[in-house]
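Here is how the chains run, residue by residue.
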Protein chains: 2
Amino acid sequence: MVSMKEVALHAGVSVATVSNVITGKRSVSENVRRKVLDSIEQMNYQVNLVARGLKTQRTNTIGVILPDITKLFFQKVIIGILEVASLNGYRINILSSSYDHDTERLLINMLKASCVDGIILDSCVSIDRARAWADSLEGKGGVMPPVVSLESRLFSDRLSSITMDNALYSGQITQHLIDGGRRKILYVSGPLHIEHERARFDGYRNCLLKNGIGPDPVLQKSGTYLSESGYNAVMEALNENVRFDAVQASNDQAAIGALKILKERGFRVPDDVAISGFDNLFPSTLVSPAITTVDVPNYEMGAAAMRELLDRIEHPDAPPKAHVLDARIIVRASTVKDATSQWDLTNW
Amino acid sequence: MVSMKEVALHAGVSVATVSNVITGKRSVSENVRRKVLDSIEQMNYQVNLVARGLKTQRTNTIGVILPDITKLFFQKVIIGILEVASLNGYRINILSSSYDHDTERLLINMLKASCVDGIILDSCVSIDRARAWADSLEGKGGVMPPVVSLESRLFSDRLSSITMDNALYSGQITQHLIDGGRRKILYVSGPLHIEHERARFDGYRNCLLKNGIGPDPVLQKSGTYLSESGYNAVMEALNENVRFDAVQASNDQAAIGALKILKERGFRVPDDVAISGFDNLFPSTLVSPAITTVDVPNYEMGAAAMRELLDRIEHPDAPPKAHVLDARIIVRASTVKDATSQWDLTNW
DNA sequence: TGGGCGGATTTAAACGATTAAATTTGTCCG
DNA sequence: CGGACAAATTTAATCGTTTAAATCCGCCCA
């Protein structure tokens, strides 16, 4: 690679002048400027970002840690982050923690070592370990770049956070099912040690209570986020002869898994059993019947996180902010027989 | 950040010794070693990867440029790359060219400036500009890191490439439709200036000829990759009163768009019109009827590209290799009435 | 005893940029 | 003509590592 030194030599000026031309931070006379620009052009010079990063201590890169970047849910989050980032001249480094807590730590350290200017973290830390985790974040000697927490408010006293009110919308779904005459709602959750899974479950539970329905442990199945877990949960319930007239899944995958087994076993949806999901991933519009769900603003979550991170980078000492985004429930044919819905064919 | 110098001071040795302990490249006596490790531990020291990168000229990072990282097709490609990369201690920097040629160039330069150790490139360069492009790749003064070309063989004389025989499988699909008694096959392509789109079209065309069917320009619609383009292409054909008994789309999105409009207009699939796609994205199993398609090994494409890139990094002077991967067609109910198929619920 | 040898350690020079501080150049005015 | 002041340019230090070369040190053996 041709370096600034060689450009300087070629243009007959000092490296400092070349640097000044490039960064534009100090004034340079017009004809020297042209001479330097010429040399740069001729020699095909490109500034070495690694060297610049070392000197300036800024890499214009931010790190993004998500539980599983392969999941559809996070795609739009990534796009949101990406768009705001590139508008502001930042590059992003996307990493997957695979829902593993130790990996998460490792990645954070790696990002620190890479001198990223900031981190967006969708943590998979469990509720009970959050405090210890937050303490270790600050580290003894280590200075941390600003961190914005996505989906979790567990650290909101020290970290800015971008969240939504999962309990609220989960409750709205439950209410919608109850309003449709359902009383025995089988709830299929993801891993309950994760904060927003817990919140969704609480929303369901509290709504039942509000309606005078005693939550029945038999109707509560917890699993993973995968559709198999929805499939298996419902299969289990059927094999145990549990009676239910609705399945409320805490995400769309599980809802579709549930739909699959119910169709296989000859149930009519929604006549015999209603089904609801959460997240509004596009496949929920493709299956038939389409799935009632909550439209989670994942694009906006990513964008908001990035905007907030930029703000934290600019103002490291400002107090953390907690952004709570709005969502809305979308009623489709899996809960209401004559609901219409369109295939969502955008962006995949 | 605490630097090596401070660790050295704390441990009472020179920075070189600390470095030796960390890299393990030169021998260090056992008790000095322990002392240094202790200091590192106590001071919470982490090596600065930017500085190391500057000195060693290796960043252990590779760049990946894809036309559109938000598209489902590329998700598994990314996973494939990622898994091989992390097994080998590499990080990846994923970028989207948005199918724009200038952006692609810009990103390549940016990656060069960031001193990545290699690049995996799924180029969107058009067939006729390929040569000029390849020339510019080498650059006048600039030394390029090794590049592996994904999906395109246009530069295979200088770059290693990972491809599949698109014409072959596209032809097999056409043959399958013909074997099913279809004679008037409406072809919906993506942008034809892209090499593999052209190949898929050629496969279709040559198969028609082989079967004594004259390709009919009226039955050829070209569009984007989006499902709307499938929808619109079929709508156009219908409005023009073009008669056809099958739609062969060059990707699954377009096929599903076609399915949508045909259902809206009351056609029975596959009785009145058969539909086929390409890529085997999971949504093609979700719609009903499920779409006959070609299972493109995108995970393996990513993995193979990364393996090949590692090889190129190790042996920069070895001649480029051209890997051609296998695929297979999958027959589903959109072309054969009683074909069975399962929802693909894995990995989304 | 002293020279030679090899392993452990340190010195010091990079890597390629940025940026204070010092220096040069140029301009204007008394 | 000379001095003052501002603008342009250069010098040189620095960011945090790695690494070739130099040095040190202990040990063995003639």
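Residues numbered from 1 in each chain as written. Chains lettered and ligands numbered in written order. Predicted model: local features only at pLDDT ≥ 70, side-chain atom pairs only at ≥ 80, totals over all residues.

A few words now on the domain arrangement of chain A. Segmenting chain A into domains produces domain 1 (4–47), domain 2 (56–164 + 298–327) and domain 3 (166–296). Measuring from the centre of the C-alpha atoms in domain 1 of chain A to the corresponding centre in domain 2 of chain A gives 37 Å. (Domains from an automatic or database assignment.)

The next subject is the protein's contact with DNA strand C. Lining the immediate surroundings of DNA strand C are 29 residues, of which Ser3(A), Met4(A), Ser19(A), Ala16(B) and Ser27(B) lie closest. Contributing elements (two or more residues each) for the surface near DNA strand C: helix H2 (15–23) and helix H4 (49–56) of chain A together with helix H2 (15–23) and helix H4 (49–56) of chain B. It is H2(A) that provides the largest number of residues to the surface near DNA strand C, a total of six residues. Taken together, the residues that form the surface near DNA strand C break down as 14 nonpolar, 10 polar and five charged. (Near = placed C-beta within 6 Å. Helix = DSSP H or I, 4+ residues; strand = E, 2+ residues; numbered from the N terminus. Nonpolar A, V, L, I, M, F, W, Y, C, P; charged D, E, K, R; others polar.)

To continue, consider the protein's contact with DNA strand D. Close to DNA strand D lie 31 residues; Ala16(A), Ser27(A), Met4(B), Ser19(B) and Asn48(B) are nearest. When contributions to the surface near DNA strand D are tallied by element, the ones reaching two or more residues are H2 and H4 of chain A together with helix H1 (4–11), H2 and H4 of chain B. Top contributing element to the surface near DNA strand D by residue count: H2(B), with six residues. Residue classes in the surface near DNA strand D are distributed as 14 nonpolar, 11 polar and six charged.

What follows deals with the sheet that holds strand E8 (residues 246–249) of chain B. All names here are of chain B. Ordered by their spatial adjacency, four strands build an open sheet running E7-E6-E8-E9, and the pairing between neighbours is parallel. Since the sheet does not close on itself, it has two edges, and those belong to strand E7 (220–222) and strand E9 (274–276), each with one partner. Adjacent strand axes in the sheet meet at a mean angle of 15° when their direction is disregarded. Examined bridge by bridge, strand E6 (residues 185–189) and E7 share three bridges and lie parallel to one another. Within E7, the residue paired with Tyr187 across the bridge is Gln220. In this fold helix H8 (residues 166–179) packs onto E6, E8 and E9, with an angle of close to 170° to the strand it touches most, E8. (Pairing = 2+ DSSP bridges. Axes fitted to C-alpha atoms, helices over the stretch in contact; angles between N-to-C directions. Contact = placed C-beta atoms within 7 Å.)

Here is the key point about a regular strand: its side chains alternate between the two faces of the sheet. Residues and elements named next belong to chain A. A large share of strand E5 (residues 160–164) lies buried, amounting to five of its five residues. Burial of the side chains of E5 extends over both faces: Ser160, Ile162 and Met164 are buried on one face and Ser161 and Thr163 on the other. Here strand E4 (residues 147–150) pairs with E5 via three bridges, running parallel. By the bridge assignment for E5, Ser149 is matched with Ser161. Here E5 runs beside strand E11 (residues 322–325); their pairing, made up of four bridges, is parallel. Note that in E11 the partner of Thr163 across the bridge is Val324. (Buried ≥ 20, exposed ≤ 12 C-beta atoms within 10 Å, placed from the backbone.)

With that out of the way, let us pick up the relation of the copies chain B and chain A. Turning chain B through 180° and shifting it by 0.1 Å along the axis lays it on chain A, with an RMSD of 0.1 Å. Here the two chains are linked by the operation of a two-fold rotation axis. (Least-squares fit on C-alpha atoms with pLDDT ≥ 70 in both.)

Okay, the environment of Asn280(B) next. All names here are of chain B. Of note, Asn280 is situated in the loop between E9 and helix H12 (283–286). C-alpha separation for the pair Asn280 and Leu95, spaced 185 residues apart in sequence, amounts to 24 Å. If we ignore the near neighbours within four places in the chain, the residues touching Asn280 are Thr293, Val294, Asp295, Val296 and Ile330.

Before going further, it helps to spend a moment on the sheet that holds strand E3 (residues 118–121) of chain A. Residues and elements named next belong to chain A. Taken in spatial order, the six strands line up as E2-E1-E3-E4-E5-E11 in an open sheet, and their pairing is parallel. In this open sheet, the two edge strands, each paired with only one partner strand, are strand E2 (91–96) and E11. Ignoring which end each strand starts from, the neighbouring axes of this sheet average 15° apart. Helix-sheet contacts for helix H6 (residues 101–113) involve strand E1 (61–66), E2 and E3, and the interaxial angle to E1 is about 180°.

Residues and elements named next belong to chain A. Where helix H8 (residues 166–179) contacts helix H9 (residues 195–210), the axes come no closer than 7 Å and their chain directions differ by 40°. One way to sum up the angle between H8 and H9 is to call them oblique. Crossing hand, H8 versus H9: right-handed. Along its contact with H8, which presents Asn166, Ala167, Leu168, Ser170, Gly171, Thr174 and Gln175, the element H9 presents His196, Ala199, Arg200, Asp202, Gly203, Tyr204, Asn206, Cys207 and Leu208. (Parallel < 35°, antiparallel > 145°, perpendicular 65-115°, else oblique. Left-handed = near helix turned anticlockwise from the far one by under 90°.)

Moving on: the pairing of E2(A). Residue and element names in this part refer to chain A. Along E2, six of the six residues are buried, which leaves the element largely enclosed by surrounding structure. Across the two faces of E2 the burial is the same, with Arg91, Asn93 and Leu95 and Ile92, Ile94 and Ser96 all buried. For the crossover that starts at E1, traverses helix H5 (residues 72–87) and ends in the parallel E2, the hand is right-handed. (Right-handed = clockwise from strand over helix to strand, strands pointing away.)

Formed by 94 residues in total, the largest nonpolar core has its most connected members in Ile81(A), Ile120(A), Ala305(A), Ile81(B), Ile120(B) and Ala305(B). If we skip the residues at most four places from it in the chain, Ala305(B) touches Ile81(B), Ile120(B), Val148(B), Leu150(B) and Ile162(B). Ranked by size, the runner-up nonpolar core spans 85 residues in total, among them Phe201(A), Tyr204(B), Leu219(B) and Leu345(B). (Core = buried A, V, L, I, M, F, W, Y, C linked by C-beta atoms within 7 Å.)

Facing 43 residues of chain B, the contacting portion of chain A comprises 43 residues. Broken down by secondary-structure element, the contributors of at least two residues to the side of chain B that touches chain A are H4, helix H5 (72–87), strand E2 (91–96), helix H6 (101–113), helix H10 (227–239), helix H11 (252–264) and H12 of chain B. When residues in the side of chain B that touches chain A are grouped by element, the largest group, five residues, is from H4(B). Across the side of chain B that touches chain A, the residue classes tally to 21 nonpolar, 17 polar and five charged.

Let us now look at the packing of helix H1 (residues 4–11) of chain A against H2(A). Residue and element names in this part refer to chain A. One can describe the packing of H1 onto H2 by two numbers: an axis separation of 8 Å at closest approach and a directional angle of 105°. For the element pair H1 / H2, the angle class is roughly perpendicular. On H2, the residues touching Met4, Lys5, Val7, Ala8 and Ala11 of H1 are Val15, Val18 and Ser19. A breakdown of the residues in the contact of H1 with H2 according to their chemical character gives six nonpolar, one polar and one charged.

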